[in-house]
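Chain by chain, the residues:
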Amino acid sequence: MSATKRNNDNPNQPRVNRNTRAGQSGSFGDLFKLHRRIAKVSAIRLLQTPASSLVTLFVFAVALLLPALLLSLNSNLASLLAGFQDSAQITLYLQDSVSEAEGQEVSDDLLTRNDIEGAYYVSPSQALDEFGASNGLEDLLIEMTANPLPGAIVLTPLDVSSSAADELARQLQELSQVDVVRVDSLWLQRLAAISNLVNAIGSVLAVIVIFGLFLVVGNTIKLAIENRKAEILVIKLIGGSDMYAARPFLYTGLLYGLGGGILATLLQGIVLATFNSNLEVLMRLYESDFQLRGFGLMSSQLIIVAGAVIGWTAALLASLRHIRAINP
Amino acid sequence: MIKFDNVSKRYADGQEALSNISFEVSHGEFAFITGHSGAGKSTLLKLILAMETPSSGQLIANGVNLNRVSTTQIARHRRQIGTVFQDHQLLHDRTVYDNVALPLEICGYQPNDAARRVRAALDKVGLLNKEKSFPEALSGGEQQRVGIARAVVNRPSIILADEPTGNLDPGLSAEVIRVFQQFQSVGVCLLVASHDAALIERLNCRKIVLEGGKLRADQKPRPKA
Ligand SMILES: Nc1ncnc2c1ncn2[C@@H]1O[C@H](COP(=O)(O)OP(=O)(O)O)[C@@H](O)[C@H]1O
Ligand SMILES: [Mg+2]
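Residues numbered from 1 in each chain as written. Chains lettered and ligands numbered in written order. Predicted model: local features only at pLDDT ≥ 70, side-chain atom pairs only at ≥ 80, totals over all residues. Heavy atoms only, no water.

Draft legend 1. Looking closely at the overall build of chain B. Of regular secondary structure, chain B possesses seven helices and 10 strands. For 225 residues, the compact-globule estimate of 2.2 N^0.38 gives 17 Å, and the C-alpha radius of gyration of chain B, at 17 Å, lies within 12% of that figure. A principal-axis box enclosing the C-alpha atoms of chain B has dimensions of 45 × 45 × 35 Å. Considering only residue pairs separated by 6 or more positions, chain B has 67% of its internal contacts joining residues 24 or more positions apart. (Helix = DSSP H or I, 4+ residues; strand = E, 2+ residues; numbered from the N terminus. Rg over C-alpha atoms; globule rule 2.2 N^0.38 Å. Contact = heavy atoms within 4.5 Å.)

Dropping the structure here:
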């Protein structure tokens, strides 16, 4: 940190502190100590009003819990529906010129790809048989001299999301033996639609929750600032910036966010455990071993980080607004 | 350093607290603002501290045009000024030490460096033994001296004091004035509002006399014999 000259008109006053930089803390350790002290003061102030602090903390936790549960539901839904992926099929209709042996070979080749779960070849004659059998038109077909149906390969993609299936279909279209690619995407579409719906609900809910948390934290910070109005006034009178005066309140917001986030992950664990014990009975009846997975470690961290960011930002906006309004 | 150019201040309720004030105070000058109660002394100091803005005229202090300043500029401006408030403005949930350390903390001083300066400032006002007390436990005069220590701890370029000797006996008043004079001798500009006529008479200082918001007299110190 270099000495920045301020516009002081008389440089001949060595003892007078012309620029307040001299002797200021530059080291990271000092800064850390300072912030630890401010955080401690904020925490102590929260503990001085335990009841209202706890209410705010719970509101914060429950608000975070709602989208968290929805997200968890979504990921569970996705894994549940993934069980139906057999219905997600891509059919490759081959060129007329491709022989049965060649068609079989292409099909076997496709199995070596790591984005394809299964593939089998349907020769033109098999296709004709199936077509006849399913339509009761065997007699009619006997009359035909040439088989009008092409050979086909039916495959199951590994990733059943519609974007992945579309991408796979696009790649397979490039194969020279392939004439037409058809994605049997009814289930894919349903999956995508459900997933989109849950995501949309999640997004709307997240916006509402963030908005609500901003109001809650904003109001809490406003009250805290009103309680410390005299102190803020003095700080401003002796040259503390609004940001300086806001610092303890930013920690207040951060602590609410962190605490709320941690509480939310705990509550989520309880909720999912309750669901799971009920589900277990149900699933045993259906001979399924499906389980609600809740959130792994990453997602718990995500909730906590989201809480901290929301708490801090809401506190920043609220405190700067209210502190700016405090004037001698 | 401080320049009033035809400055008037009219409060929102229409009360004209200052009218057409013009004077200039420079580095190393020690000037008393004097006049009866309600003459506008506090208002004048508040203008310099940017607690109020002039209604008309131009006011420049420490190179800052106080007619138009941003919030950030105000904070930086105030960090260059040490102010002794008439009502002390101490923080009651902090010790004497922490109160005096506040301006240093705002400027981001290292704890060790700050401790040295805080002790030096408390020593100057004779309160070194009270550093762990809370303001509530101090007499009015002691609180006033804490305010004075806080005003000088950051070695400001301007010191403003509103009735700084109001609660002090003559001995302590003289002590406080000596502290101020030390700062004067290193080029600090001091403006002290006071109606302590006896004290002002004893000191050979510049005297700016206000009456009903108007500048009645601006008496320079007598040349030294
Ligand atoms: N905030 C205010 N609003 C309205 N009038 C005020 C305010 N502050 C001071 N005044 C009026 O301005 C005049 C000057 O006050 P002040 O500067 O405090 O005088 P002094 O410090 O010399 O006693 C007084 O008449 C007072 O009533
Ligand atoms: Mg006054």
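Moving on from the model shown.
Draft legend 2. Just the site of ligand 1, in detail. Residue and element names in this part refer to chain B. Neighbouring ligand 1 are Tyr-11, Asp-13, Gln-15, Ala-17, His-36, Ser-37, Gly-38, Ala-39, Gly-40, Lys-41, Ser-42 and Thr-43. Contacts to ligand 1 include Gln-15, whose side-chain N or O atom sits 3.1 Å from an oxygen atom. Expressed as a share of its isolated accessible area of 560 Å², the protein-covered part of ligand 1 is 66%. With three residues, the single largest contributor to the shell around ligand 1 is helix α1 (residues 41–48). Of the residues that constitute the shell around ligand 1, the class distribution is three nonpolar, seven polar and two charged. (Near = heavy atom within 4 Å. Polar contact = N/O pair within 3.5 Å; in protein donor to acceptor, adjacent residues only side chain to side chain. Areas by Shrake-Rupley, 256 points an atom, 1.4 Å probe, with all protein chains shown as cover. Nonpolar A, V, L, I, M, F, W, Y, C, P; charged D, E, K, R; others polar.)

Draft legend 3. Spotlight on the state of the cysteines. Scanning the model with the defined rule gives zero disulfides over all chains in all. You can see B:Cys189 has no disulfide; the closest cysteine sulfur is in B:Cys205, sitting 12 Å from it. (Disulfide = S-S within 2.5 Å.)

Draft legend 4. Layout of the sheet that holds strand β2 (residues 116–122) of chain A. Residues and elements named next belong to chain A. Taken in spatial order, the four strands make up an open sheet running β2-β3-β1-β4, and their pairing is antiparallel. Strands at the two margins of the open sheet, each flanked by one partner only, are β2 and β4 (178–184). Each adjacent strand pair in this sheet contributes to an overall mean axis angle of 20°, direction not counted. By the bridge criterion, four bridges tie strand β1 (residues 89–94) to strand β3 (residues 152–157) in an arrangement that is antiparallel. Residue pairing for β3: Thr-91 is matched across the bridge by Val-154. Packing against the sheet, helix α3 (residues 100–111) makes contact with β1, β2 and β3, and its axis sits at approximately 175° to β2. (Pairing = 2+ DSSP bridges. Axes fitted to C-alpha atoms, helices over the stretch in contact; angles between N-to-C directions.)

Draft legend 5. A look at the sheet that holds strand β4 (residues 56–61) of chain B. All names here are of chain B. Read across the open sheet, the four strands follow the order β2-β1-β4-β5; overall the sheet is antiparallel. For this open sheet the edge positions go to β2 (16–25) and β5 (64–65), each flanked by a neighbour on one side alone. As defined by bridge partners, strand β1 (residues 2–10) adjoins β4 across five bridges and the pair is classed as antiparallel. Bridging across to β4, Phe-4 finds its partner in Leu-59.

Draft legend 6. Quick peek at the packing of aromatic side chains. Residues and elements named next belong to chain B. Scanning all chains against the criterion turns up three aromatic pairs over all chains. Taking 4.7 Å as the distance between ring centres and 15° as the angle between the ring planes, the aromatic pair formed by Phe-4 and Phe-23 counts as stacked. Residue Phe-4 is found in strand β1, and its partner Phe-23 is found in strand β2; the two are separated by 19 residues along the sequence. The two residues Phe-4 and Phe-23 agree in class, both being buried. Pairing Phe-30 with Phe-180 gives two aromatic rings, centres 6.4 Å apart and planes at 75°, and the pair type is edge-to-face. Here Phe-30 is found in strand β3 (residues 30–34), whereas its partner Phe-180 is found in helix α6 (residues 170–185), with 150 residues between them in sequence. For the pair Phe-30 and Phe-180, one class covers both residues: buried. Clustering of aromatic rings is evident, with ring pairs tying together Phe-30, Phe-32 and Phe-180. (Phe/Tyr/Trp six-rings, centres within 6.5 Å; stacked < 30°, edge-to-face > 60°. Buried < 20%, exposed > 50% of the residue type's maximum accessible area, 1.4 Å probe, protein only.)

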